[in-house]
Amino acid sequence: MKVAVIGGGVGGAELIRVATPGPLKFTLIEPKRQIEMQALYPEYLGGVARLQELTAPLKPFCERTGTVHVQEKALRLEGNTVVCEKSRVPFDCAVIATGAEQNYFGIKGVENSFSINTLEETKKARRFVEDMNPERIMIMGSGLTGVEAASILAESLDASIYIIEARERVLPLFSPQTSALVEKALSKKGVNILTSTMVCEIKKDCIMFADGTCLDCDMAIWTAGVKPSKFVQDLDLPKKNGWILVDEFLRARDNIFAIGDAAWIEIDGRLATKTGLEAERHAKHVAENLVRLAEGRAMEKYAIRASTDNQVALISLGSDCAVGVVGKMCIGAPTRLIYSLKSWIDKSFIKRFK
Ligand SMILES: Cc1cc2nc3c(=O)[nH]c(=O)nc-3n(C[C@H](O)[C@H](O)[C@H](O)COP(=O)(O)OP(=O)(O)OC[C@H]3O[C@@H](n4cnc5c(N)ncnc54)[C@H](O)[C@@H]3O)c2cc1C
């Protein structure tokens with residue numbers, strides 16, 4: 001059975017790793033030459049993680065797993081063919097694992113800000129930190145990425161770090177207890193927290209707020225929100241809020257699956273979070289179902305682990321503090337223990353592909 005995997009990030013690469021060796025013949029469509037681990041970008045930004053620790057080359061991985069790597073962008077689907085920039089890839093089944101893009105919500109002046117959603121952008125931000133030594137850094141958005149970046153920068157730089165959040169507390173998608181614990185840890189590190197503060201424009205040297213006030217800054221980092229890529233938007237598949245809507249088998253249509261950030265996964269009233277943890281589990285599940293299909297067996301339903309109403313996460317807040325969240329339970333540890341565990345999990349993920 002010929003399987004085309006579109007996107008070789010956390011979900012796409014893990015799916016191939018789990019399903020090989022086996023009865024499936026994979027073609028991976030991925031424009032990059034390497035697998036990249038977004039969860040380690042805040043550490044790279046803070047100068048803590050090295051480039052080799054967050055990437056793994058695709059060539060040896062594809063050779064080992066017998067995968068054909070088409071190093072191009074997928075443009076669209078035409079029947080059972082993926083149309084790429086130069087090639088056409090026919091498939092029996094396809095898996096879309098193209099992730100998500102940064103969402104700027106139409107804010108003016110985004111060209112004056114940095115993002116850490118891709119490795120290229122994170123490298124640019126790191127170079128700016130090294131070359132320009134900014135004294136006032138504004139991080140806009142206080143989701144996982146924002147709070148992790150703020151704490152690591154507060155710890156590693158002699159700079160004033162601000163975190164700006166439009167809603168009334170940091171980590172607004174987590175429980176109030178988690179937010180309180182994280183706010184305490186951020187304040188202890190000297191991070192200035194501005195909640196209920198709406199950014200309306202990013203200028204070269206300041207941030208303008210909706211109430212007409214502004215704050216000077218040397219560096220602005222946007223981390224607030226993601227959206228579906230143009231590739232996903234243009235696909236003629238069922239959608240929810242622009243994401244690919246899948247059923248309980250993570251299938252958008254008979255032979256087309258979607259996993260990771262690109263997918264909208266809602267099963268039994270629970271909505272899966274867009275996290276590496278979930279993407280990895282989707283990948284394993286679809287890998288097993290594809291093998292079942294190839295062997296003429298019935299597919300099994302997916303069970304969500306981390307959902308918006310039952311968050312599961314390890315949040316590192318610098319190298320000496322972290323918070324573990326499982327549903328309503330949240331454990332703050334002012335020690336290296338949870339931090340080391342998270343760092344080890346993230347680095348081990350990438351090592352699997354080497
Ligand atoms: C800074 C940051 C920190 C994070 N920290 C954590 C964390 O601590 N814990 C956690 O669980 N999650 C974390 N996440 C979220 C996690 O990284 C994502 O949920 C996960 O990577 C999603 O996996 P994916 O396979 O869907 O997408 P990705 O891993 O983003 O991979 C998508 C791949 O698709 C490729 N692609 C895109 N478009 C096309 C196309 N048209 N054709 C072919 N290929 C294409 C891209 O090049 C990329 O390689 C973090 C995210 C960020 C940005």
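Analysis parameters
- Residues numbered from 1 in each chain as written.
- Predicted model: local features only at pLDDT ≥ 70, side-chain atom pairs only at ≥ 80, totals over all residues.
- Heavy atoms only, no water.
- Helix = DSSP H or I, 4+ residues; strand = E, 2+ residues; numbered from the N terminus.
- Buried < 20%, exposed > 50% of the residue type's maximum accessible area, 1.4 Å probe, protein only.
- Contact = heavy atoms within 4.5 Å.
- Polar contact = N/O pair within 3.5 Å; in protein donor to acceptor, adjacent residues only side chain to side chain.
- Near = heavy atom within 4 Å.
- Areas by Shrake-Rupley, 256 points an atom, 1.4 Å probe, with all protein chains shown as cover.
- Nonpolar A, V, L, I, M, F, W, Y, C, P; charged D, E, K, R; others polar.

(A) Summary view of the environment of Thr273. Inspection of the secondary structure assignment puts Thr273 in the loop between strand E26 (270-271) and helix H9 (276-294). Using a relative accessible area of 9% as the deciding quantity, one classes Thr273 as buried. For Thr273 and Glu201, which are 72 residues apart along the polypeptide, the C-alpha to C-alpha distance reads 29 Å. Apart from residues no more than four positions distant in its own chain, Thr273 is found in contact with Glu278, Ala306, Ser307, Thr308 and Gln311. Among the polar contacts listed, one links the side chain of Thr273 to the side chain of Thr275, at a separation of 3.1 Å.

(B) Structural detail: the site of the ligand. By nearness alone, 30 residues border the ligand, and Gly11, Glu30, Gln38, Asp261 and Lys342 come closest of all. Between the ligand and Val10 there is a distance of 3.1 Å, counted from an oxygen atom to a backbone nitrogen or oxygen. Between the ligand and Lys342, the relevant distance is 2.8 Å, taken from an oxygen atom to a side-chain nitrogen or oxygen of the residue. For the ligand, whose accessible area on its own is 1000 Å², the fraction buried by protein is 88%. Residue assignment for the shell around the ligand shows that the elements contributing at least two residues are helix H1 (10-19) and H9. Top element by residues in the shell around the ligand is H9. It accounts for three residues. The residue makeup of the shell around the ligand, split by class, is twelve nonpolar, twelve polar and six charged.

(C) Expanded view of the environment of Glu53. Relative to the helices and strands, Glu53 resides in helix H3 (residues 51-54). Spatially, the C-alpha atoms of Glu53 and Ile350 are 7.3 Å apart, while their sequence positions differ by 297 residues. With residues near it in sequence (within four places) discarded, Glu53 still touches Leu40, Val48, Lys347 and Ile350. Within polar-contact distance, the side chain of Glu53 engages the backbone nitrogen of Arg50 at 2.8 Å.

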